Amino acid sequence: NDGVLMNGSSYSAGEIGHVVMDTAGPVCGCGKRGCLQVYSSGTAMGARAAARIDSGQASSLAAQLSPPVGRSSSARTHPRITGEAVCLAATAGDELALECVAEAAHFLGLGAANIITSLNPDKVVIGGPIGLVDGPLVDLIREEAALWAMPDAFQVVTIERGQLGDYVGALGAACRVLDNKLR
């Protein structure tokens, strides 16, 4: 608000990854069900892509998976497919990756719309590693948010990619310490 960081009464303001999107959804690492994070994080996109490839859908991302283990097992052992890899494949036109990005964007757009409607910010930044990838994700989030946010609030907001990637939390914490020290 006016450039002032909102802490919240227990210093957890802005933790939108744990806003519940579906009370019957998958269990999140926080212990709740259906958090935004389980539908839209890079980890969620990678897991969704791997599951679809394992079920037989074609994708350029299949090259990142190892063949099934043993004759009777259809389970693959593989390094995790990252959200960044899914976003890059979507940018290159991979249909499966585009589907995974669109599903994540649906939930991210809905979450952004709720923030836009309730807090009326002038900017929403899509951060983390997936926010660094130049591709369809942010445009799809913007389209989804436009459907669900109050029109007056949506007209004044910009939704854009972050610039700091995985280091945003550490940089924010360092700035917070410096800000408090210099007051």
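This write-up is about the structure you can find in this document.

Basis of the calculations
Residues numbered from 1 in each chain as written. Predicted model: local features only at pLDDT ≥ 70, side-chain atom pairs only at ≥ 80, totals over all residues. Heavy atoms only, no water. Helix = DSSP H or I, 4+ residues; strand = E, 2+ residues; numbered from the N terminus. Buried < 20%, exposed > 50% of the residue type's maximum accessible area, 1.4 Å probe, protein only. Contact = heavy atoms within 4.5 Å. Polar contact = N/O pair within 3.5 Å; in protein donor to acceptor, adjacent residues only side chain to side chain. Axes fitted to C-alpha atoms, helices over the stretch in contact; angles between N-to-C directions. Parallel < 35°, antiparallel > 145°, perpendicular 65-115°, else oblique. Nonpolar A, V, L, I, M, F, W, Y, C, P; charged D, E, K, R; others polar.

1. Structural notes on the overall build of the protein chain
Helix and strand counts for the protein chain come out as eight helices and two strands. In the protein chain, the succession of α and β elements from N to C terminus is α-α-α-α-β-α-α-α-β-α. Once the C-alpha set of the protein chain is aligned to its principal axes, its extents read approximately 65 × 40 × 35 Å. The 183 residues of the protein chain split such that 34% are buried. Considering only contacts within the protein chain whose residues lie at least 6 apart along the sequence, 58% involve residues at least 24 apart.

2. With respect to the side chain of Glu144
Its location among the elements puts Glu144 in helix H6 (residues 137–148). Polar contacts involving the side chain of Glu144 include one to the side chain of His106, which spans 2.9 Å. If we ignore the near neighbours within four places in the chain, the residues touching Glu144 are Ala105, His106, Gly109 and Leu110.

3. Brief notes about the packing of helix H2 (residues 42–54) against helix H3 (residues 83–91)
Two numbers describe how H2 lies on H3: the axes approach to 7 Å, and their chain directions differ by 65°. The angle between the axes of H2 and H3 places the two elements in the roughly perpendicular class. Between H2 and H3, the residues in contact are Gly42, Met45, Gly46 and Ala49 and Gly83, Val86 and Cys87, respectively. Looking at the contact of H2 with H3, its residues break down into four nonpolar, three polar and no charged.

Nothing here speaks to function; it is geometry throughout.
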